[in-house]
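Examining the three-dimensional arrangement
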Number of protein chains: 4
Amino acid sequence: MAAADRARLGVGMVGYSFMGAAHSHAWRTAPRFFDLPMRTEMTAVAGRNREKVTAAAERLGWESAETDWRRLLERDDIDLVDICTPGSTHAEIAIAALDAGKHVLCEKPLANSVAEAEQMVAAADRAARRGVHAMVGFTYRRVPAIQLARQLVVDGRIGEIRHVRAQYLQDWLSDPSTPLNWRLDKDKAGSGALGDIGAHVVDLTQFVTGELLTGVAGMLETFVSERPVATEFSGLSGSGGAETGPVTVDDAAVFFGRMSGGAMATYEATRYAAGRKNAIRIEINGSAGSLAFDFEDMNVLHFYDASESATTAGFRRIVVTEPEHRYIGAWWPAGHGLGYEHAFTHQVVDLVGALADGADPAPSFADGLDVQRVLDAVERSAAEQHRWIKLP
Amino acid sequence: MAAADRARLGVGMVGYSFMGAAHSHAWRTAPRFFDLPMRTEMTAVAGRNREKVTAAAERLGWESAETDWRRLLERDDIDLVDICTPGSTHAEIAIAALDAGKHVLCEKPLANSVAEAEQMVAAADRAARRGVHAMVGFTYRRVPAIQLARQLVVDGRIGEIRHVRAQYLQDWLSDPSTPLNWRLDKDKAGSGALGDIGAHVVDLTQFVTGELLTGVAGMLETFVSERPVATEFSGLSGSGGAETGPVTVDDAAVFFGRMSGGAMATYEATRYAAGRKNAIRIEINGSAGSLAFDFEDMNVLHFYDASESATTAGFRRIVVTEPEHRYIGAWWPAGHGLGYEHAFTHQVVDLVGALADGADPAPSFADGLDVQRVLDAVERSAAEQHRWIKLP
Amino acid sequence: MAAADRARLGVGMVGYSFMGAAHSHAWRTAPRFFDLPMRTEMTAVAGRNREKVTAAAERLGWESAETDWRRLLERDDIDLVDICTPGSTHAEIAIAALDAGKHVLCEKPLANSVAEAEQMVAAADRAARRGVHAMVGFTYRRVPAIQLARQLVVDGRIGEIRHVRAQYLQDWLSDPSTPLNWRLDKDKAGSGALGDIGAHVVDLTQFVTGELLTGVAGMLETFVSERPVATEFSGLSGSGGAETGPVTVDDAAVFFGRMSGGAMATYEATRYAAGRKNAIRIEINGSAGSLAFDFEDMNVLHFYDASESATTAGFRRIVVTEPEHRYIGAWWPAGHGLGYEHAFTHQVVDLVGALADGADPAPSFADGLDVQRVLDAVERSAAEQHRWIKLP
Amino acid sequence: MAAADRARLGVGMVGYSFMGAAHSHAWRTAPRFFDLPMRTEMTAVAGRNREKVTAAAERLGWESAETDWRRLLERDDIDLVDICTPGSTHAEIAIAALDAGKHVLCEKPLANSVAEAEQMVAAADRAARRGVHAMVGFTYRRVPAIQLARQLVVDGRIGEIRHVRAQYLQDWLSDPSTPLNWRLDKDKAGSGALGDIGAHVVDLTQFVTGELLTGVAGMLETFVSERPVATEFSGLSGSGGAETGPVTVDDAAVFFGRMSGGAMATYEATRYAAGRKNAIRIEINGSAGSLAFDFEDMNVLHFYDASESATTAGFRRIVVTEPEHRYIGAWWPAGHGLGYEHAFTHQVVDLVGALADGADPAPSFADGLDVQRVLDAVERSAAEQHRWIKLP
């Protein structure tokens, strides 16, 4: 599309650590590889510490820096607010931004509670009526192998789904001497492994199957309840001057549920699976075939077609790097694999595409609320003797 | 050991289909590769149909055939009864055999109910006081990679166990046109995937960890409730002359639980995982390391040692075919893998070794009862809204 | 087939160590699982040491023992001689046996020289005219996954073959302190890795492709030229009383060649590939598809069908344990993998089937000679500056 | 490093297709994630077509465009010339740039002939005496798993190297209807699979082992000698107006050689390995351990430590995404894998680091010449009956 024909999209980002770096890379990179229908500009980044946010703007490629996220809402040159802060701040920022007429991209989990998420959905609904759009950042949906998985389900290649098996396994807390950080603080993070990584596999399985969980029973555990306070650590609620502080979230979550189509589903999210670094594993078994994915080999999807002859049937290891696969045409030749951050670039591509079309981008805040309700139900089940909690 | 010094052990087997063939192979093969401390003899096989049992004796290598298993108990030349019949018959045969002073090897699951299993344990206890021994056939314990897994736990290489993840995935019922057989009949089989294959992963995880489940919550499902009646099919209770008949057991089971040491455990057993043929997958994560096993690659154990430097740490693919590995010295050079039936041969080796020592062989009937209680708790949980059931 | 209708086949085996144990297991096991068209009897085993051969007969299940293999040729109750001795003895025994009217199964490599192999082929030709048959024991052909590979080539699923990539990797000599044995003695073994394991991959690739090598260039190496003499070691030519002795064969062989259909082929055979235990790896790339096999996962064949859509094409991991796969119907349900020794049982099945039909069993001595010529050409190429050697 | 303290490095790039896009991404991205010791500027890109090069400058992020690469040499604001054109142009551009006092980064293969490469090395030597530096773009060296492989060799974890096994397998020419492009034209590309991808595995193995090939024997093949001319295709020498044109390079290369330390080495490079997309496979076996790498799973290195107990020894699957691994600290948390283009970013990091230090960057043009000599020797061997060619 000719540059002159493309509307400008000024972006303001809040937060600039892990997620902020990933989002910045995506905003920088998307227009270089994809023919975006809008002229994206990295207008401003916001953070509380002037020195740090200024350095971040320079390093990450933002044109200006603000020390209060509210300033982004006041600026006319900003059309979209990209929220990369901890979950406890999502609701306030997102609702204010939407009400100020800014599109919003909000990191997951949508919020730290169902109540907050519901308010965010209400704000998104209000905004949508005025042509202002909101999306939640379940980035892993944008991995090409996951897109292919979804496509195979849509095409009927899996058939009626009978089993969903999802695990998100990390090990960075396996060592009890790993110090506290904000992700272990319930006030900031809302929950632990459940909301941080369990949220991803709940969303991924609902996305790939096109079905929702209708009920769950679950169990949570905090294996290490006290951890060292890192000396440079600040802002942890209640850490005081102590040498150790409490872990106030779950270390691991285990639950099963029933999908709307009748499938049995099992989930596990943990930061204590020694040797598993970022193993997002999804398996789906249906009447016509099966799928298997592991993010530790992220460019590959395994697909079993049950209609093949028994003599030659087998899980196919599809290297999802062909021009025919979603997003790949913009990148490299076959076999030249993508990495973690490409999914963020794809997120920008899809978001800008939807905004240019005036369409609601997916996953919506309502999708984020669906996930939030599952997380909440798991927490309630765990607190109430693992009893079954129905989902609306 | 010189032949003359070895006591004779006359074996009588009941049943001669799938399990009977596997056990017969083991009785034939064990003395050829291992230096057994007793002279085993394949004295008689019992079955109801004279023609068939006679042919089976000839084909499988048994010296004589009986049409009533009770005859085995009367014969002086039989010291051990090997029970390879459906679960509904286990209790009667095993108790009678033990009371008649015969050692017993009983296929799993031990029984079709906890009550039966308790009576069998009582009989085994009575028998043990008279030097008569009983073992239940959780054969997969005898796979060398599983033995190594257990050894690594015992040696402290895994540390405090935090996660147990177990699946037994098959797909032979995935096609609704597969006809009925006795394994789908509750009266014969007791339960479906839960007792047939779920029992194995319950036992394997309790064996490898050395811990017991203390409670479970679960879910059962029968995906296909009516199936064709195969014309050659007979003996199915209630099948009458109909063209289809009801499936009266579960097709799949999903549950989670808590191990006695505090680990979170998840289980899945299904015959509907398209493309998975006999995938017994066990993963264990501990504070010092992790283990992973899949029976579809049965000669391999994956082991992660968390004490290794981060630079070179990684799951080791151990090909469990070294002379240092249990049972392997009797077989082939390194890398010459074993197959499914070797575990049955190892079972004979361990059983005969224990009998020669006058020791109680493991897994005992009490171990089988432990598994039975878990299966029963899962069934109750599934029937009662998936509520948590404590185990004694 | 009814027992009475089946002709008797009396077997006499020469040698009773590694290969003898594997062959004995096969003779014992084949009639138990397969419906053989002849009544095989394990009539006699021959070895030089009376005490040892008598014990071996007892342990391995042979009815009698002989201390001179020539006795087997004189006995009327022996119809087939099974040769499990080192390669230096093959020609003499096989030719004498064939000339005495006995069928012969001879372990690989067929002989230690092309000249010997040619004489053996001549003897086999003479014998065939009298209805006496000979087979060479390239057992790995009988692995079900290899049979499937061959079938896919025959069915045109691979198309015109362009690349053959074959490796046989072991590591049991990687440690220089491993002592000498007969396999390191040129007089006994003929060659080292080349003849012992390279022979297998030459035969396997010629079998699977249905093509012959037309020329080769190669390189041999002996990495460790002196090794300790094990105290219990005897019979090594020239070892005298020294503490170390010379390795007189190659430790590793590397060569490339051209198949008769034009494909480029690469080969490697070594006992120094640290960590590879028995990795027989075959890859074939054709215009229509590809195959990949590794004996370390022997129940699996990987197959790529180039006619599939680019979106879903991928190597299929076929678990070769379905009833539709060759030999499997006689064994266990799907997913219950076979082990190393099953291939020997299948060898007995195929051999007895051919004898009952009066057909020439494959692989023939002529097939063995083809392999021998390749090994010889590699040795000559290595000795003559790696020059290209044409094959007839 | 504070921005003001860093010297400016103006970069001019020649060519802007596949490699140009990858290099541009690297120049854009390196300063965002790494703390570079110089201020890199993307000053100009050169290409013959004004319209196309202007669009490329805009899309790829270059400040200006030139239609003659010689202009880059005249501009004072350009300190380094980055050559991303076909091999036939490398020598002229690189020599002129170095003689003009510009640092050079030149894509591989260094040149299309040994003579050209020698002239380039001479130019690099002249330049080095004036503080001007040259590097050749063997980018795969910068994959973190390859860096770890090299480190393990340096640390003695592999010991004396005995086997090198290298393959670069693609399949994009497997279909005879794939049209001609410049890579199939000897005048432009110099050679086919040999120089395009074989060059990479020659360099990688020489880099990882720290040894050079001392001799080779090889074989080349062109499986499909005529291919369709794509209508949009231009500039192919001799294609005229014909509908098909000749393939004038090799489709595949196979060779073996000897490393300077005595190891046996085998190589294969092909574009006809159906199903292999970009499979760069390197295996190394040494007296102390082994390594295995496959670019289709590029974030993983397999390492076997032969000093481990036989009971627990096995290839470790190291996920090379830990902060302790080279380059990783600048990217994401453990398990968040990198993709193909990250290696180009690392190349910029290493190049800029060397320039800031006034050090010669590696791989040098002399390293590129070493590779060129191997490619040349393989071609000669293939042309002369596969005879052994010694390397200097």
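None of these values were measured; they are calculated from a predicted model.

The next subject is the UniProt feature "domain: Gfo/Idh/MocA-like oxidoreductase N-terminal" (unreviewed entry) in chain A. When the UniProt feature table is mapped onto this chain numbering, "domain: Gfo/Idh/MocA-like oxidoreductase N-terminal" (unreviewed entry) sits at residues 10–130 of chain A. The annotated region residues 10–130 of chain A carries 48% helix and 21% strand content, and the separation between its end C-alpha atoms amounts to 18 Å.

This part covers the packing of aromatic side chains. Per the counting criterion, the structure on display carries 62 aromatic pairs over all chains. Ring centres 5.3 Å apart and planes at 40 degrees place the aromatic pair Tyr304(C) and Phe315(C) in the tilted group. Pair noted here: Tyr304(C) is in strand β15 (residues 300–305) and Phe315(C) is in strand β16 (residues 315–319), with a separation of 11 residues, a long-range link. Overall, Tyr304(C) belongs to the buried group, its relative accessible area being 6%. Taking 5.3 Å as the distance between ring centres and 70 degrees as the angle between the ring planes, the aromatic pair formed by Tyr340(D) and Phe344(D) counts as edge-to-face. By the burial criterion, Tyr340(D) is buried, and Phe344(D) matches it. An aromatic cluster is present here, built from Phe18(A), Tyr140(A), Tyr168(A), Phe295(A), Tyr340(A), Phe344(A), Phe33(D), Phe34(D), Trp331(D) and Trp332(D) joined pairwise through their rings. In this structure, Arg276(C) packs its charged tip against the face of Phe315(D), placed 3.8 Å from the ring centre. If you follow Arg162(D) out to its NZ or CZ, it ends over the ring of Phe223(C), 6.0 Å from the centre.

The next point concerns the relation of the copies chain A and chain B. With an RMSD of 0.0 Å, the operation that places chain A on chain B is a rotation of 180 degrees combined with a shift of 0.0 Å along the axis. Between the two chains, the operation in question is that of a two-fold axis. Within chain A, Arg387(A) has its C-alpha nearest the rotation axis, a separation of 2.6 Å. The overlap is high: 100% of the interface residues of chain A also sit at the interface in chain B, so the same surface is used on both sides.

To continue, consider the relation of the copies chain D and chain C. Screw-axis analysis of chain D against chain C gives a translation of 0.0 Å along the axis, an RMSD of 0.0 Å, and a rotation angle of 180 degrees. Interface residue correspondence from chain D to chain C reaches 100%, placing this contact among same-surface, isologous pairings.

Now for the sheet that holds strand β4 (residues 80–83) of chain D. All names here are of chain D. The 6 strands are arranged β3-β2-β1-β4-β5-β6 in an open sheet whose pairing can be described as parallel. Edge positions in the sheet fall to β3 (64–66) and β6 (134–137), since each of these pairs with one other strand and no more. This sheet shows a mean twist of 25 degrees between the axes of neighbouring strands, independent of strand direction. Alignment of strand β1 (residues 7–14) against strand β2 (residues 38–46), held across 8 bridges, turns out to be parallel. Note that in β2 the partner of leucine 9 across the bridge is threonine 40.

Here is what the cut-offs are and how they apply
- Residues numbered from 1 in each chain as written.
- Chains lettered and ligands numbered in written order.
- Predicted model: local features only at pLDDT ≥ 70, side-chain atom pairs only at ≥ 80, totals over all residues.
- Heavy atoms only, no water.
- UniProt positions renumbered as here; feature names shortened; annotations may be inferred.
- Helix = DSSP H or I, 4+ residues; strand = E, 2+ residues; numbered from the N terminus.
- Phe/Tyr/Trp six-rings, centres within 6.5 Å; stacked < 30°, edge-to-face > 60°.
- Buried < 20%, exposed > 50% of the residue type's maximum accessible area, 1.4 Å probe, protein only.
- Lys NZ or Arg CZ within 6 Å of the ring centre and 35° of its normal.
- Least-squares fit on C-alpha atoms with pLDDT ≥ 70 in both.
- Contact = heavy atoms within 4.5 Å.
- Pairing = 2+ DSSP bridges.
- Axes fitted to C-alpha atoms, helices over the stretch in contact; angles between N-to-C directions.

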